[in-house]
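Spelled out from the first residue to the last, the chains are:
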Amino acid sequence: MRYRTIGQDPATRRRVSVLGLGAMLFGTGTEEEVAFRVLDRFVEAGGTFIDTSNNYAFWYGATQGGESEAVLGRWRASRGIGDEVVIATKLGGRPTRAGLAFADTAKAENVEGLSAKAIRESAERSRDALGVEKIDLLYAHVEDTGTPLEETVEGFAEVVRDGVAGLLGVSNHWSWRVERARAVAAARRLPGYEVLQYHYSYLRARTDRPGRRSQDGNQGVVSGDLLAYLRETPGLVLTAYSPLLSGGYVREDKPLSPDFDHAGTVARREALRDVAEETGATVNQVVLAWMIGGELPIVPLVGASSTEQLDESLAAVDLELTPDQRARLDAAY
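This section reports on the structure supplied with the text. What you see is a predicted model, and the numbers here were worked out from it, not measured in a lab.

Taken in spatial order, the eight strands line up as S3-S4-S5-S6-S7-S8-S9-S10 and close into a barrel, and their pairing is parallel. Strand-to-strand twist in this sheet, taken as the mean axis angle between neighbours without regard to direction, amounts to 30°. Here five bridges tie strand S8 (residues 195-199) to strand S9 (residues 237-241), and the two strands are oriented parallel to one another. Residue pairing across strands places Val195 opposite Val237, the latter belonging to S9. Packing of helix H4 (residues 116-130) onto the sheet brings it into contact with strand S5 (86-91) and strand S6 (135-140), and relative to S5 it is tilted by some 145°.

Quick look at the structure:
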């Protein structure tokens, strides 16, 4: 396994594996026994970075979520896992009540939001569920335009001050709101967001299509603007969810979403196939190696419903693309 550092402050920064494990479906789509095997294999291979959220996965059983955090908490306790494994969780998108459909949570009134009260209560609930003294990395999950930005910034700073959380991150926000929040934190000498979590993969999704929460587009998809922000802001790290498009690269029975219906997808698929053939690796492994070994600090978060799936992703950590292969992948569009 290889590792990188996330965060700048010596008191809160952490060294994590360059490949993260997404635990979204643990306890719902993936049974607990299977989840434990996947987690054990990840740690055995040197993995130290696990991602979850307080609302995962409410849409399976019409709950408020929390199943994934609960599974991770039981796994930690049963295995004696300490702070050698970094667990990140998110708050802000938890349904306000059970029984809501996934589509319902696109409405601000149906999710907990990012008020100081919600941040405090949700962070402490997650800490208890995970069985940790301090949440290693805590994200603001979705935008909350109804709460003053200053209140959100101060609310996160308070849970850091009180030892409930360490590093702070942000997910699925417009980049201008991320920068504005970081500026507020800097001006008040408070901890700010240091880790960004968005959907990113080798195939580039259109960002002009209306999203779930905005007619202007999808805040959760990496755009050129966000990549430029990452490139020009030393210290920020991107954790990329759904890097393998939920099987979209390899499963013929799973068509890509309309977001990928453009000419660049065809060119990039061809480049991927060529490099995979040259390296003897799978297409999924080439995608992960391209992300891990690039010039931008990116940690892909892979899901796995079996140890076999996880092993395929783990092998990508040791796949070294040549400069020519990487140049051809980058140039395809």
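So, about the packing of aromatic side chains. Here the structure, examined in full by the defined rule, presents seven aromatic pairs. With centroids separated by 5.1 Å and ring planes inclined at 85°, the aromatic side chains of Phe58 and Trp59 adopt a geometry described as edge-to-face. On the accessibility criterion, Trp59 (30% relative accessible area) is partly exposed. A centroid spacing of 6.1 Å and a plane angle of 35° characterise the contact between Tyr200 and Trp290, whose relative ring orientation is tilted. Residue Tyr200 is located in the loop between S8 and helix H7 (224-231), and its partner Trp290 is located in helix H9 (residues 283-292); the two are separated by 90 residues in the primary sequence. Judged by its relative accessible area of 7%, Tyr200 falls in the buried class. Every member of this aromatic cluster is reached through a ring pair, and the members are Tyr56, Phe58, Trp59 and Phe102. The ring of Phe102 carries Arg212 above its face, with NZ or CZ at 4.1 Å from the centroid.

Right, let's talk about the environment of Ala77 for a bit. Along the chain, Ala77 turns up in helix H3 (residues 67-79). For the pair formed by Ala77 and Ile87, sequence separation is ten residues and the distance between their alpha carbons is 14 Å.

Right, let's talk about the nonpolar core for a bit. Ile50 and Tyr202 are the most contacted members of the largest nonpolar core, which totals 85 residues. Among the elements that make up this core, the one with the highest residue count is H9 (eight residues). With twelve residues, the next largest nonpolar core counts Val86, Ala88, Tyr139 and Val195 among its residues.

About the thresholds
- Residues numbered from 1 in each chain as written.
- Predicted model: local features only at pLDDT ≥ 70, side-chain atom pairs only at ≥ 80, totals over all residues.
- Heavy atoms only, no water.
- Pairing = 2+ DSSP bridges.
- Helix = DSSP H or I, 4+ residues; strand = E, 2+ residues; numbered from the N terminus.
- Axes fitted to C-alpha atoms, helices over the stretch in contact; angles between N-to-C directions.
- Contact = heavy atoms within 4.5 Å.
- Phe/Tyr/Trp six-rings, centres within 6.5 Å; stacked < 30°, edge-to-face > 60°.
- Buried < 20%, exposed > 50% of the residue type's maximum accessible area, 1.4 Å probe, protein only.
- Lys NZ or Arg CZ within 6 Å of the ring centre and 35° of its normal.
- Core = buried A, V, L, I, M, F, W, Y, C linked by side-chain atoms within 4.5 Å.

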